[in-house]
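# Structural overview
Chain residues, written in single-letter form:
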Protein chains: 2
Amino acid sequence: MSLPRSVAAHRDAVVELLSGPAANTATEQFPLLEALGKVLAVDLHAPLSLPPFANSQMDGFAVNSADIPDDGAKLRVAAPVPAGAAPEPLKPGFAAPIMTGAMIPEGADAVVPIERALPSTFPNPEAEDVDVLLPATTPGTYVRHIGSDIGEGDLALPAGTFLGPAQLGLLAALGLTSAEVRKPMRVLLVTTGDEVLEPGQSLTPGKIYDSNGTLLEASMRQSGLDVVRTGISDDDPARLRAVLNRHVASEDGQHRVDLIVTTGGVSKGAYEVVRQAMAGQHVDFLPVAMQPGGPQGIGRFEGVPFLGFPGNPVSCLVSYEMFLRPALSQIHGVPAPRPVQRARLVEPLHSPEGKHQVRRGTVLPDGSVRMEGGAGSHLVHALARSNALVHIPSDVTELAEGSEVEVWML
Amino acid sequence: MSLPRSVAAHRDAVVELLSGPAANTATEQFPLLEALGKVLAVDLHAPLSLPPFANSQMDGFAVNSADIPDDGAKLRVAAPVPAGAAPEPLKPGFAAPIMTGAMIPEGADAVVPIERALPSTFPNPEAEDVDVLLPATTPGTYVRHIGSDIGEGDLALPAGTFLGPAQLGLLAALGLTSAEVRKPMRVLLVTTGDEVLEPGQSLTPGKIYDSNGTLLEASMRQSGLDVVRTGISDDDPARLRAVLNRHVASEDGQHRVDLIVTTGGVSKGAYEVVRQAMAGQHVDFLPVAMQPGGPQGIGRFEGVPFLGFPGNPVSCLVSYEMFLRPALSQIHGVPAPRPVQRARLVEPLHSPEGKHQVRRGTVLPDGSVRMEGGAGSHLVHALARSNALVHIPSDVTELAEGSEVEVWML
C-alpha cells in the first residue's frame, strides 16, 4: 500500500488530468440569456462606443456655455429634446430643454440642471418666445461623452469571462443578441453497487437507495457541467466496462464524454467493481490523507479522464468539493471558489492524526460553527442540515471549544 | 417633494409589499433534479429510517462480541456478506466476512476491521473450514445502527428549506423521486423609453440598446424567479397601461403575474411614462437616499405589487441588489444573501452627503478594493468588470485611501 497522498497533491493531479490533451475546447453560440452562467470563449471587442453619442446626465437645459457670462444669462427656450430624438442644432442664445439620456444638440456643450434654472420647471412645449434665466457653467458639465464607458473596437470582455447579469447587460448594451461560450464539459456519472437501488423502486433487505447520483448530478449541474447518467451499475466488472465503453467511443473516433466519474468500488474490500473494471487501464487507486473520502481512483479509461469517488454520499460530496470543483474553478474560472471563512467551534473536536478531516456543520449568525452529525460518511441527513464544510488540517488532532477553524460555505 | 426615504426603510417597504395578500402560495411537484435551487413547500418526514438496517462501517468480520474473550479467539469463517445481500444468521463461533455497507447478520453485534484480523486478508470464498484469529471487541463497534442518521417519521427537512445537492441527495436516499416546491414568483418585466431599442435592431441617432431587460431578467432568473418580458414600451402612458392590463388580469380573475417591475420613467423629467401610466393607482414615486437608483416607484397596479426602477442600467442593478433581492431572501430564503466582506480602498473616495452611495469595484486577492468607473449610472462596461458593490454610508462624505468599506460580492 502506497503512502497516502496529500489533499493538495491529489487536487493538483486532478487539475493535471483535466488540463490534458483531451480537454474540451469546443465553443457554442448562445442567445444572451441562455449564456447566463457560462464562460465567454473569445475576446469580445465593442462593435460601438458606449455611450454611442454625447447625452445629458440630467433633466435640464442644453446650452453653449459661452452664451452665459459669470453672472448668468436669460436665454430663449428652444424646442425640447426628449430621450430618443435626434435634435436640431442649438442656435446661439438658445437653451434646449433636455431629458436625461437625450442627445446633446450640435452647438451645445453643457447641461444646466432644471433645479438651477429660473423658473425651475420646464415651460409648456406649446408656448412660444419663453425665456429662462440660467447660471454660468463650464464646457462638459453634466455631459456623458461618447465612448466614455467604452470606445468602439476596445476590448469589452476578455475570453474566459464568467457571464453573469452585468456582463450580459453589457453585451445587450453593445447591441449583441448572442455570445460565443465554452461548451460545457460532459461528464459520464456512474453509481455502482449491488446494494444500490434507484429511488422509487421498492426497498428489499440489505439494499439502500442511490443518493450519490442525485447529489453529484445536482452539484455538477450547479457547476455548469453537462451530466450523462447511466443508471446504477452492479458489481460485475465486465458489465461496468461495457457501460463505459458504450459512452466513451463514438463513430467518428471522438470522445463522447470528457470525464468519467464513478462512485463506490474503489476501496480494499473483496468486491471492488470499479478497481476490477479498470484493470489494464492507466488508473491509480490510492489513499488520500483525508477523512471522509480517503480512497480515490484517478487516471484514464480508454484515454478519457476518470475519477473514482468512494461510495458513501458524504464521501462523494467531499470528494467533489475538495477535488473536482476546485479543479474546474482553477482551469475554467467556473464555478466560483467556495467562500472561505473562519468560525469558532461551539464544541471540542478530535481528528485522526495525518488526515485532513472534513466535517459538516452549520455556521451560525454569530460566526460560530456547530457540527452536524459525527464523522461518519453515511450521515446524509446531517449533511443536508449543514451549510458549511469544516476543515481540520492533517497535523491537528484536538481542537478546544472556541478554537477557530476554516469553513467553506456551501 | 418628500424627504428622501432611507435605504432600509425602502427595503422594508418592498418586503411589506411582497408579503401582502397577493403573495403566491401555490406549490408544484418537481422531479428531484428539476427542484434544484427551489424551496421545499412542506415539512417533509422520513418515509423510512436511514440507515434502513444495521450495516458495517468497515470491510472486516461480523462477529458476536461475546464469542471473543479479552485475549482474542480463533473463529470459523462463515459465508461472506457482500453489500446488498440479505445474510444468513451468524452461528455461534463463526465470523462472517462483511463489506462496508453490508447488512449485519442476525446474531452479530460488532465488526472487526480486516486489518486487525490474522491473516489480514479475506480467505477465498470457495475454501472450506478456514479459521481467522480476531481480537476482542465491544458490542456496536463499527456498526451503523438503523435510524442513526434519521428515524422513520422524523422531520427530514422543514418547509422553506432551500434544495441544493445535499438536500436532494437526502430525498433520494429516502427513496423519493420528486419534491413539492414553492411555485416561483412570476415577474412581469417592462423596460420603457422612446430612446431604447432591442439589441439586434439597427441603431439610429439618439437611440441606445436596451440592456436593462437582459440585466434584470438574468438577475431574476438567478434568484429563481419566473420572468415574463413584454418587449420595450415607448413613452406613451396609455400604451404602457394597456400592456400592463393585458398581463395582470386573467379570465378567472386571478393575477397572471405576482409582481410588475418597470425600468425608466420614474424621475422628475417632462416625459415620465411610468409615473404617468400609474396615475390613479396606489403607487408612490419617491426619492430614496441612495446613489445611483435614487428615484423609485412602489405600490400596486390593479392590485398587483409594482416596483418602478430608474432607467440607467447601473441604477437598475443597484435597485435590484439593494431592494428586491434582499426582500426575496428575507421572505423566501432564496436567493442566499450576498456574501458581505470588509475591504480596504486602494484610492480615496468622496460621496454626496445624506446619500448611501453604491459604487462598483473589484475586490483584489489581497483584500483591497479598486473602483471600476466613476459614480455615473450609465457605466455598464465598468459594471461588467466589477465583482462587488462598494457601500459608502449616507453619513460619510470622504474616505481616505486604505479606509475599510463594506463590499457585497456579486
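All values reported here derive from a predicted model rather than from experimental measurement.

Looking only at helices and strands, chain A has seven helices and 27 strands in total. Taking 410 residues into account, the globule formula puts the C-alpha radius of gyration at 22 Å, and chain A, at 31 Å, lies well above it. When the backbone C-alpha atoms are referred to their principal axes, chain A occupies close to 100 × 60 × 40 Å. Split into buried and exposed, the 410 residues of chain A put 53% on the buried side. Accessible surface for chain A amounts to roughly 17100 Å². Of this, 50% is attributable to carbon and sulfur atoms. Distance from the positive charge centre (30 side chains) to the negative charge centre (46 side chains) of chain A: 10 Å.

Looking now at the environment of Leu197 of chain B. All names here are of chain B. Following the sequence through the fold, Leu197 ends up in strand β13 (residues 196-197). Separated by 118 residues in sequence, Leu197 and Ala79 place their C-alpha atoms 76 Å apart. Filtering out sequence-adjacent residues up to four positions away, Leu197 remains in contact with Ser202, Leu203, Thr204, Lys207, Ile208, Tyr209, Asp210 and Ile232.

Once that is clear, we can look at the interface of chain B and chain A. Residue-level contacts link 74 residues of chain B with 74 residues of chain A. Roughly 5700 Å² is buried in total at the junction of chain B and chain A, and carbon and sulfur atoms are behind 67% of that figure. Per-residue buried area on chain B facing chain A is highest for Leu33, Asp149 and His381 of chain B; these three make up 11% of the total on that side. Counting across the chain B and chain A interface gives 16 residue pairs in polar contact (both at pLDDT 80 or more). Mapped onto the side of chain B that touches chain A, the elements with two or more residues apiece are β10 (155-157), α2 (165-173), β14 (208-209), α3 (212-222) and α7 (380-385) of chain B. The element best represented in the side of chain B that touches chain A is α2 of chain B, accounting for eight residues. For the side of chain B that touches chain A, the per-class residue count stands at 42 nonpolar, 20 polar and twelve charged.

What follows is about the sheet that holds strand β8 (residues 131-134) of chain A. Residues and elements named next belong to chain A. Strand order in the open sheet formed by five strands is β7-β4-β6-β5-β8, and the pairing between neighbours is mixed. The open sheet has two edge strands, β7 (110-113) and β8, and neither has a second partner. Along the sheet, successive strands turn relative to each other by an average axial angle of 45°, direction set aside. Judged from the four bridges that link them, strand β5 (residues 73-77) and β8 form a sheet pairing that is antiparallel. In the sheet register, Leu75 faces β8, and the bridge partner there is Val132.

Partitioning chain A into structural domains gives domain 1 (7-26 + 183-332), domain 2 (34-47 + 156-182), domain 3 (55-144) and domain 4 (340-409). Its C-alpha centre places domain 2 of chain A at a distance of 37 Å from the equivalent point of domain 3 of chain A.

Bringing unusual backbone geometry into the picture now. In this structure, the amide linkage connecting Leu50 of chain A to the following residue, Pro51 of chain A, adopts the cis form with an omega of -15°. With respect to the helices, strands and loops of the structure, Pro51 of chain A is situated in the loop between β2 (44-45) and β3 (55-56). Note the cis peptide between Leu118 of chain B and Pro119 of chain B, where omega equals -5°. Here Pro119 of chain B shows up in the loop between β7 (110-113) and β8 (131-134).

With that settled, the discussion passes to the environment of Ala375 of chain A. All names here are of chain A. Inspection of the secondary structure assignment puts Ala375 in the loop between β24 (368-371) and α7 (380-385). Counting along the chain gives 15 residues from Ala375 to Arg360, while the straight-line C-alpha distance between them is 8.2 Å. What Ala375 contacts, discounting residues up to four positions off in sequence, is Gln291, Gln357, Arg359 and Arg360.

Tallied over the full model, the rule gives four aromatic pairs over all chains. With centroids separated by 5.6 Å and ring planes inclined at 50°, the aromatic side chains of Phe61 of chain B and Phe122 of chain B adopt a geometry described as tilted. Of the two residues, Phe61 of chain B is situated in strand β4 (residues 60-63) and Phe122 of chain B in the loop between β7 and β8; the sequence distance between them amounts to 61 residues. Lys91 of chain A extends its terminal NZ or CZ atom over the ring of Phe94 of chain A, reaching a point 5.1 Å from the ring centre. Directly above the aromatic system of Phe30 of chain B lies the positively charged group of Lys38 of chain B, at a separation of 4.8 Å from the ring centroid.

Here we take up α2 of chain B. Among the nine residues that make up α2 of chain B, nine are buried, leaving the element largely enclosed by the rest of the structure. Those residues of α2 of chain B that sit buried are Pro165, Ala166, Gln167, Leu168, Gly169, Leu170, Leu171, Ala172 and Ala173 of chain B. Turning to α2 of chain B, the residues buried within the fold contact β14 (208-209), α3 (212-222) and α7 of chain A together with β2 (44-45), β10 and β11 (178-182) of chain B. With its phi angle positive at about 85°, Gly175 of chain B sits one or two positions after the end of α2 of chain B.

Parameters and conventions
Residues numbered from 1 in each chain as written. Chains lettered and ligands numbered in written order. Predicted model: local features only at pLDDT ≥ 70, side-chain atom pairs only at ≥ 80, totals over all residues. Heavy atoms only, no water. Helix = DSSP H or I, 4+ residues; strand = E, 2+ residues; numbered from the N terminus. Rg over C-alpha atoms; globule rule 2.2 N^0.38 Å. Buried < 20%, exposed > 50% of the residue type's maximum accessible area, 1.4 Å probe, protein only. Areas by Shrake-Rupley, 256 points an atom, 1.4 Å probe, with all protein chains shown as cover. Lys, Arg positive; Asp, Glu negative; His and termini not counted. Charge placed at Lys NZ, Arg CZ, Asp CG, Glu CD. Contact = heavy atoms within 4.5 Å. Buried area = accessible area lost by both parts, 1.4 Å probe. Polar contact = N/O pair within 3.5 Å; in protein donor to acceptor, adjacent residues only side chain to side chain. Nonpolar A, V, L, I, M, F, W, Y, C, P; charged D, E, K, R; others polar. Pairing = 2+ DSSP bridges. Axes fitted to C-alpha atoms, helices over the stretch in contact; angles between N-to-C directions. Domains from an automatic or database assignment. Phe/Tyr/Trp six-rings, centres within 6.5 Å; stacked < 30°, edge-to-face > 60°. Lys NZ or Arg CZ within 6 Å of the ring centre and 35° of its normal.

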